[in-house]
Amino acid sequence: MELSTPDFVHQYDTRPNRLFLDYLIYPKEVLGTLVKSYLGSLIGTFVVLTLALVYVIKKGKKYFFPVYNFSYLYKLITFLPVGFLLFWGARSSLTSKRPINASNAIFSSDQMTNALALNSTYTVGFAAYSLKNEGNVKKYGKMDEKEAYNRVKKYMDVTDFLPSEVPFLHEVKPDSVQPKYNVVIFLQESLGAEYVGCLGGLPLTPELDKLSKEGLLFTNLYCTGTRSVRGIEQVTSGFIPNPSESVVKLSGAQQGFFTLAEAFGNQGYDTSFIYGGMANFDNMASFFNGNGFKNIIDETDFDSDGNNYALKGTWGYSDEDLVTKANNYFKSQGNTPFFSLMFSTSNHEPFEFPDGRIDLYEQPKNTVHNAMKYADFAIGKFFELAKKEDYFKNTIFIVIADHNTRTYGKNLVPVNKFHIPALIIGPKVKAGVYDKLASQMDIAPTLLELSGITTYSPMVGRNLMKKEEVEGRAIMLFHETYSFRIGNEIVVFNPNAEPLQFQLKNDTTMIPMPLNKELAADGLAHIVTSSYLYKERKYKSK
């Protein structure tokens, strides 16, 4: 476990944890990534383990199985102190109500420093043990259900809630009679703001930078998590993120759980998920199939087309293959309105993409910066294709990231690593910049209202096209750390610990400040509400 830890830390800025277990069920993708990106580590680990095994076989009898001729009386006398020390060592505390656990290691504002105080066998074992408590949020605090709902409603731009067992159910309808538009979400793998030129990042996105002049660019938007399933959860369902796991993977959300696909499907839309990899990854196919997505197009469908594509890599077909496939699919819909989620793959280690498409940013070829630039190339190609088709003028498009790349930093929550781009292009969307604080959770409600359909929604996010009447918020989850941000103040919750509050001088500087108990209660209300909605099956449209 310790030999595998350095590479895991390099990728995720923490010791092996729940992610380590999650990826074990995807041997094809994971093995391909390990071989192509960490071959040296694999060889080194194999050599070290082989030498250790040889040593144990040769020296084991001498060092590991000593024979002592102690009397039974001696053994009996020593049993009590030895037993006490073993108990004390296992519990690690005689005065605390609880045995020592991972939360006791939170002694620094640097998350990685806290993780180093543990060992990887423990962190993976604890993650496996914690699966039985999936969805339990009491470790963050307790709050009455009604109070939690009322506190969350303060941050919504809705005043007329429908009488229903669904606490936040409300009607969504356009302000005036308008056509029903298609909606396409182009979800970008790991495209953090730091890589986007028009957001002040590296010059890796010339196509997105040009497109930003044609639509509404969000410059102060933050994702909710560090995994793709979190981004998928937000852009398709707008659900308040639960600290335990994304609903994409939770068993209680595999059917009867609200998504945009369900809302649009009830209006006669074709609903689809288009992905160059395998849709069973991270339980996506199960979640989509049970919650309104009528057509799932993945790697197997690309395979059946023959050898007409640019590249098939470890994670599936390249982004330019994805946009070609998607454009052809949208053309085939004719007069049928459609809602679709496209999900890119090329910007994922080991960063494979076709030759000759871009001027490389750096050498060697397969780096994150070059992959970012290629992903941007595919975004440009998609809009180039779409603009030639009839469906373009009747479609709301959004390009948005699922999360950033490696999430790390010196703070309990590395806020800068949650900053992501989003760009909406379509009818009724004026070109410009939205610079107010917003969350990935606000995107699904915004798209639903832009579409022109009339439906019912349980989503608590805001329609960002409305005149501002409530303050923006951002929720960010970093492993088990849950943060609630309003303006430049952020409250950080850790399991079994008192919340902490910080003033954000900027995205990388957090200054400790006295806890605002009301703000902390509002943050806890979001955690509690998420749990109630999921456990009581109250996140639906009727």
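In the block above lies the structure referred to throughout.
Note that the structure is predicted; figures quoted are calculated from it, not measured.

With respect to the secondary-structure elements, E262 resides in helix 11 (residues 260-265). What makes E262 buried here is its relative accessible area of 19%. In sequence terms E262 and G292 are 30 residues apart; their C-alpha atoms lie 4.2 Å from each other. Not counting residues within four places of it along the chain, the set of residues in contact with E262 comprises F257, N291, G292 and S541.

Moving on: helix 16 (residues 443-450). Extensive coverage of helix 16 is indicated by the burial of seven of its eight residues. Those residues of helix 16 that fall on the buried side of the exposure criterion are I443, A444, P445, T446, L447, L448 and L450. Residue G452 follows helix 16 closely and has a positive phi angle near 90°.

The strand order across the open sheet built from five strands is 14-15-16-17-18, with neighbouring strands paired in antiparallel fashion. At either end of the open sheet lies a strand with only one pairing partner, and these are strand 14 (473-478) and strand 18 (509-513). Geometrically, the sheet is characterised by an average inter-axis angle of 30° between neighbouring strands, direction not taken into account. Sheet topology note: the strand 17 (residues 500-506)/strand 18 ladder contains five bridges and is antiparallel. For Q503, the partnering residue across the bridge sits in strand 18 and is I511. In the packing of helix 17 (residues 517-535) onto the sheet, contacts are made with strand 14, strand 15 (481-486), strand 16 (489-493) and strand 17, and the angle to strand 15 comes to roughly 125°.

What follows concerns the packing of helix 8 (residues 145-153) against helix 17. Packing of helix 8 against helix 17 leaves a shortest axis separation of 8 Å and a crossing angle of 115°. Comparing their axes, helix 17 and helix 8 come out roughly perpendicular. When you trace helix 8 past helix 17, the crossing you get is left-handed. Side by side, helix 8 and helix 17 meet where E145, A148, Y149, R151 and V152 of the first sit next to E518, A521, D522, A525, H526, V528, T529, Y532 and L533 of the second.

Let's shift gears to the pattern of salt bridges. Overall, the coordinates contain 26 salt bridges when judged by the stated rule. Two residues, K139 and E480, come together in a salt bridge whose shortest N-O distance is 2.7 Å. With K139 in the loop between helix 7 (120-130) and helix 8 and E480 in the loop between strand 14 and strand 15, this pair connects stretches of sequence that are 341 residues apart. Judged by its relative accessible area of 33%, E480 falls in the partly exposed class. One salt bridge in this structure joins E536 and K538, with 3.0 Å as the shortest N-O distance.

As a further point, take empty space enclosed by the protein. Within the structure shown, the criterion is met by four cavities of 30 Å³ or more. In this structure, the largest cavity spans a volume of roughly 80 Å³. Tallied by class, residues from the lining of the largest cavity come to four nonpolar, seven polar and one charged. Estimated volume of the second largest cavity: approximately 50 Å³. Elements supplying a minimum of two residues to the lining of the second largest cavity: strand 1 (170-172) and helix 16. Residue classes in the lining of the second largest cavity are distributed as four nonpolar, three polar and two charged.

The rules behind these values
Residues numbered from 1 in each chain as written. Predicted model: local features only at pLDDT ≥ 70, side-chain atom pairs only at ≥ 80, totals over all residues. Heavy atoms only, no water. Helix = DSSP H or I, 4+ residues; strand = E, 2+ residues; numbered from the N terminus. Buried < 20%, exposed > 50% of the residue type's maximum accessible area, 1.4 Å probe, protein only. Contact = heavy atoms within 4.5 Å. Pairing = 2+ DSSP bridges. Axes fitted to C-alpha atoms, helices over the stretch in contact; angles between N-to-C directions. Parallel < 35°, antiparallel > 145°, perpendicular 65-115°, else oblique. Left-handed = near helix turned anticlockwise from the far one by under 90°. Salt bridge = Lys/Arg side-chain N within 4 Å of Asp/Glu carboxyl O. 1 Å grid on protein atoms, 1.4 Å probe; cavity = no way out; pocket = protein on both sides within 12 Å on 5 of 7 lines; lining within 4 Å. Points joined across faces, edges and corners; volume = space filled by probe spheres on them. Nonpolar A, V, L, I, M, F, W, Y, C, P; charged D, E, K, R; others polar.

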